[in-house]
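# Examination of the molecular architecture
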Amino acid sequence: MLARLLRGHRGAPTGGRRHDGGVTAPRACHAAWVLAPGVRRVEDGRVLIGGSPTTLTRLSATGSQVLDAALGGGEVSSAEEPATVKLLARLERSGLLIATPPPPSAAAVRGLLDQLTVVVPVHNDATGLNVLLASFLEAERELGMVGPQGRLSTRCVLVDDGSDAPGDVSVVARRFGAEVIRRRRSGGPGAARTTGLEVVGTPLVAFLDADVSVTPGWLAGVAGHFSERSGAAVPAIVAPRVSVWPGGAPGAVSNGVIEVYERHHSPLDLGVIGGAIAPGARLAYAPSAAWVARVGAIRVVGGFDPDLRYGEDVDLIWRLVEAGLTARYEPRSVVYHRTRPTARAWAEQRVRYGTSAAPLAVRHPGSLAPVAVSPWSLIAWLAVGLGHPGVGVALGAGSTAALARRLKVANPGSEALRLAGRGNLLAGPQLARGLIRPWWPITLALALRSPRWRRLAFGAVAATVGRALMQGRHRSPVAGNGDVARSDRPQRPQWVRRARSVGFVASLAVADDVAYSAGVWWGVALELRHRPRTAHLAVGALLPRVGGTGDGALERLRSARKRGETR
């Protein structure tokens, strides 16, 4: 049995059981998994510590051997051992594993394009649409695909979402051989995508916004996840990395300061580490500016919510996850996104993003809390904030000691220090940032009246700026020719450039959080006014989530044992 579990059963049929959407799940397939950053295996690989949120997962001997085979690139037979696929899927959803299928061949990518329809929502952006379709055409030519008269060979549906000049969109469509569906009234990108999805007859759909541009190899990284040899269950959605245009988008007006900030801090760019997307996880969302998705899976959960003008992509992914399906972020695939041309447009964008928090809190209670901490951590940091650091340290040490007594691992003291101790420390910056995002109106009012709150407000600003600076160091921007072009310009002394850069980052980081938070408060106010019956859910976008105990990892382990997930 174990040999068949690890190497696959050669006598198994080649087909797989069908998931919703008509995509066949893999059977005997070449695994492609890596441990997520920060995940550790202890006790001879039987215990995994880490994930998102941090948890402790104990495997049986067989489960540990299955994981060894998956990490080592061995064959796993889902036909013979469905529990194997379920185990790997649960580890992925817990943030312990990352699926990294090898890129398929050019022929396989061409085959995927034959099963794919492109849907592009567009509103008053014929110029951006032209850039997008030109980049897609170039990507097709790299694969040796040429449509009639040099146009697109992949079916492309443009949904004109009530543009003021629909003729401009039609001109671009004729140039590239695309179809146009016109909506008389603008309903937002989610509604436009739904309109386009209605005419899709292929198993896969690529949602691309008009202000993005694909790179020549963007589809190769995504396509591996839909291959029958991906080593993982076929996901419902794969989202590529959405990076800022290096050197600015062609033909677009850009703000140099904002462009530099966005390269490291854009909410659309999720960085260089992939993984599964889920509420409350390290990757809680992926922007629908660029998605490749299974049509059947999207339709099963009802598609995009037409009542959501913003946050519709977050809502759809979370509903897919709640339905037991998987959404993945794949940073090896890259598309470029155009930044806002002015500071005002940039701030308005952040405010609009914030307005989605309250409607999402109504639809997904408990998932939009701006801060999530344990009672131990909250009380400890409240003591520090009230001027009693010794009490805070004692409470943090107490929670660590309590967890150490209850952990059943080889070195409970060191593991408790890593889990509870580290969690208590990280709760501080999270609470400090919460004083600005989203609670800055309350913080400002109190700071005007109390010296102690002024000190706390200063600490909150420092936490926001420090987080932005650290994020800038760890999120690698996609290099491009624009960086080379700038090297010919006269350069100021390094200390001057560094000081200016820190100043810009500090200012924009605070403005970023303030603008987003203004949108959160505005969105809550709108929900209270128009939907008072769900007001108690809408305010969840402003309230912290305080739950569990200092030994939350132990509680999650017990819960997993009750569900039978650790065998």
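All of the points below concern the structure found in this document. (Residues numbered from 1 in each chain as written. Predicted model: local features only at pLDDT ≥ 70, side-chain atom pairs only at ≥ 80, totals over all residues. Heavy atoms only, no water.)

### Some points on the packing of helix α9 (residues 256-265) against helix α12 (residues 343-355)
Across the interface, α9 lies against α12 with an axial gap of 11 Å and an inter-helix angle of 30°. For the element pair α9 / α12, the angle class is roughly parallel. Here Ile258, Tyr261, Glu262 and His265 of α9 lie close against α12, whose contacting residues are Ala343, Trp346, Gln349 and Arg350. Residue composition of the contact of α9 with α12, grouped by class: four nonpolar, two polar and two charged. (Axes fitted to C-alpha atoms, helices over the stretch in contact; angles between N-to-C directions. Helix = DSSP H or I, 4+ residues; strand = E, 2+ residues; numbered from the N terminus. Parallel < 35°, antiparallel > 145°, perpendicular 65-115°, else oblique. Contact = heavy atoms within 4.5 Å. Nonpolar A, V, L, I, M, F, W, Y, C, P; charged D, E, K, R; others polar.)

### Brief notes about the nonpolar core
Counting 46 residues, the largest nonpolar core has Val205, Ile237, Trp291, Ile317 and Leu320 as its most contacted members. Considering every element that reaches this core, the biggest residue donor is helix α11 (residues 312-322), with six residues. Leaving out residues up to four positions away in the same chain, Leu320 has contacts with Ala236, Ile237, Ala297, Ile298, Val301 and Leu325. Core analysis: the second largest hydrophobic core is formed by 43 residues, Val122, Leu129, Leu143 and Phe226 among them. (Core = buried A, V, L, I, M, F, W, Y, C linked by side-chain atoms within 4.5 Å. Buried < 20%, exposed > 50% of the residue type's maximum accessible area, 1.4 Å probe, protein only.)

### Structural notes on the environment of Ala402
Of note, Ala402 is situated in helix α15 (residues 389-406). Separated by eleven residues in sequence, Ala402 and Gly413 have C-alpha atoms that sit 9.9 Å apart.

### Observations concerning the packing of helix α14 (residues 375-385) against helix α16 (residues 412-434)
A pair of packed helices is captured by two measures, namely the crossing angle of their axes and the spacing between those axes. Axis separation between α14 and α16 bottoms out at 9 Å; the angle between their running directions is 65°. The handedness of the crossing between α14 and α16 comes out as right-handed. Listed contacts from α16 to Trp376, Ser377, Leu378 and Trp381 of α14 are Gly423, Asn424, Leu425, Ala427, Gly428 and Leu431. Here the contact of α14 with α16 is built from residues that sort into six nonpolar, four polar and no charged. (Left-handed = near helix turned anticlockwise from the far one by under 90°.)

### Observations regarding the environment of Tyr310
As for its position among the elements, Tyr310 is in the loop between α10 (295-300) and α11. On the basis of relative accessible area, Tyr310 is assigned to the partly exposed category, the value being 30%. Counting along the chain gives 121 residues from Tyr310 to Pro189, while the straight-line C-alpha distance between them is 8.3 Å. Engagement of the side chain of Tyr310 in a polar contact is seen with the side chain of Arg352, the distance being 3.3 Å. (Polar contact = N/O pair within 3.5 Å; in protein donor to acceptor, adjacent residues only side chain to side chain.)

### Focus on the pairing of strand β15 (residues 290-294)
For β15, the tally of buried residues reaches five of five residues, placing the bulk of the element in the interior. Alternating positions in β15 separate into two faces, Ala290, Val292 and Arg294 on one and Trp291 and Ala293 on the other, with burial throughout. In this structure, strand β13 (residues 237-244) lies alongside β15, joined through two bridges in antiparallel fashion. Within β15, the position partnered with Val238 by the bridge is Val292. (Pairing = 2+ DSSP bridges.)

### Some thoughts on helix α7 (residues 189-197)
Within α7, seven of the nine residues are buried, which leaves it mostly tucked inside the rest of the structure. What α7 keeps buried is the set Gly190, Ala191, Ala192, Arg193, Thr195, Gly196 and Leu197. Residues of α7 that are buried in the fold lie against β8 (116-122), β9 (156-161), β10 (179-183), β11 (204-208), α10 and α11.

### Quick word on the pattern of salt bridges
Under the defined criterion, the tally for this structure stands at 21 salt bridges. Between Arg363 and Asp305 there is a salt bridge, with the nearest N and O atoms lying 2.8 Å from each other. Here Arg363 is found in helix α13 (residues 357-363), whereas its partner Asp305 is found in the loop between α10 and α11, with 58 residues between them in sequence. Classification of Arg363 by relative accessible area gives partly exposed; the value is 31%. Among the ionic pairs, Glu348 bridges to Arg344, the shortest N-O distance being 3.3 Å. Residue Glu348 and its partner Arg344 are both found in helix α12; the two are separated by four residues, about one turn of the helix. Given the relative accessible area of 65%, Arg344 is considered exposed. (Salt bridge = Lys/Arg side-chain N within 4 Å of Asp/Glu carboxyl O.)

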